Amino acid sequence: MTGQLSQPVADFAEVHDDLRAVARRVLGATAPGEPQDWTPIAASGWPGLEVAAEFDGAGATFAEVAVVLREMGRALTHSPYASVTALTLPALAAVVPNAARDRLLRATAGGAAVPIVVAGGGAAPPWGDSGGFVPFRIERRDDAVYLRGTTEFAADVTAATTLLIPAREPDGSAVLVAVSPGSPGLAVTEQPILDATRTVGAVYADNSRVDAESVWQWTGADPLPVLFERAALATAIDSVGLAEAALDATVTHVRTREQFGRPVGSFQAVKHACANMLVALRIASRLVDDAVAAHVRGAADAWIAVARAKSHACAVAVDIAGKAMQLHGGMGYTWESGIHRYLERATFDRALFGSPADHRAHLAGRYRDPDFTP
């Protein structure tokens, strides 16, 4: 995946601090969980952060994207940005260059287009065999190309200006199909979920005819396992961000809420609970930072760091959000408090792109089989 996404550069803490401050200000203008307008995201240049300058991008790395993703987790941002940066951009970078691909990449970097890779977040991980992760099939008959298949709980597909659908040719080879959401024989429907800060949908293709020029070949080996790994990392980053916000809200609450004439936070049990939350969060944060660094370096064993981060951070986020609701007392269980949104999002993150059990089992494969490869 070279040529379209920039090469790794040094990590500049000052640049990240500035980016974090801007992201917190921009995202803070929208109420947590409410749909985020794409215009300020595009104006900030975030969609093109990781895109090379030749395609009108900023030439940064995933380390900078991770800063924005973490702030989106903190703000409970409702936006397709994570899908675009975690899946769409590396998918476009991995296909054989062509004029249509290049135009779409430039439009995405500039924020004028929002192409979304159709990938069911709850699908079986594509480790070893991505067949279960690719439910769409290409059929060629009568000198025409048709697409068939169905997937559910695919993130942000209802917001897509272009759908990028991983599919299999009759010979089993993997391709990427670019289609319009309104194409004949193609249906996109939103699916209700408990997490109101996210949008997912189902995509149905029933003999949907597509242009042969819209069927794009991958440049090398099937990249879907790598794309899945990257989406899992983005989800772990989101979990750390929302866990930070949940802990901050809890500390603020227990400092100001009084019982028996003293702040709730002065009670030893509450102090211990908050301390335990902080320790767990710092471990999760370190694991995620290590995984981002390994991914940016392109390390061959980056999948190990990603699996560790995804399995631990997403589980910790659920625990912290749950404890945050408990420490808010009775008001924490009311709809008006808003603290429940952190638990809903954390629970969905835990299930997206491999559960903690999935990733731990993947890690354990190294010890079961001496010849194990991811």
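Where an unreviewed UniProt entry is consulted, the protein chain appears under the name Acryloyl-CoA reductase (NADH), with the organism given as Nocardia cerradoensis. A UniProt comment under Sequence similarities (unreviewed entry) is attached to the protein chain, and it reads "Belongs to the acyl-CoA dehydrogenase family." Comment text from UniProt for the protein chain, heading Cofactor (unreviewed entry), reads "FAD".

(A) How the structure looks around the pattern of salt bridges. All chains considered together, the criterion is met by 19 salt bridges. Note that E139 is salt-bridged to R148, the shortest N-O span being 3.5 Å. Looking at E139, the relative accessible area reads 29%, which means it is partly exposed. Residues R140 and E169 are paired through a salt bridge, measuring 2.7 Å at the closest nitrogen-oxygen approach. One end of the pair, R140, is in strand β2 (residues 136-141); the other, E169, is in the loop between β4 (162-168) and β5 (174-179), with 29 residues separating them in the sequence. For E169, a relative accessible area of 9% puts it in the buried group.

(B) Examining the domain arrangement of the protein chain more closely. Split by domain assignment, the protein chain resolves into domain 1 (9-113), domain 2 (136-217) and domain 3 (223-368). The straight-line distance from the C-alpha centre of domain 1 to that of domain 3 is 22 Å. Domain 1 puts 20 residues into the contact, and the matching count from domain 3 is 23 residues. For the interface between domain 1 and domain 3, the tally reads five salt bridges. The residue E50 makes a salt bridge to R230 at a minimum N-O spacing of 2.4 Å. Within the residue set of the side of domain 1 that touches domain 3, elements represented by two or more residues are α3 (62-74) and α4 (81-94). Taken together, the residues of the side of domain 1 that touches domain 3 sort by class into 12 nonpolar, five polar and three charged.

So, how was this worked out
Residues numbered from 1 in each chain as written. Predicted model: local features only at pLDDT ≥ 70, side-chain atom pairs only at ≥ 80, totals over all residues. Heavy atoms only, no water. UniProt positions renumbered as here; feature names shortened; annotations may be inferred. Salt bridge = Lys/Arg side-chain N within 4 Å of Asp/Glu carboxyl O. Buried < 20%, exposed > 50% of the residue type's maximum accessible area, 1.4 Å probe, protein only. Helix = DSSP H or I, 4+ residues; strand = E, 2+ residues; numbered from the N terminus. Domains from an automatic or database assignment. Contact = heavy atoms within 4.5 Å. Nonpolar A, V, L, I, M, F, W, Y, C, P; charged D, E, K, R; others polar.

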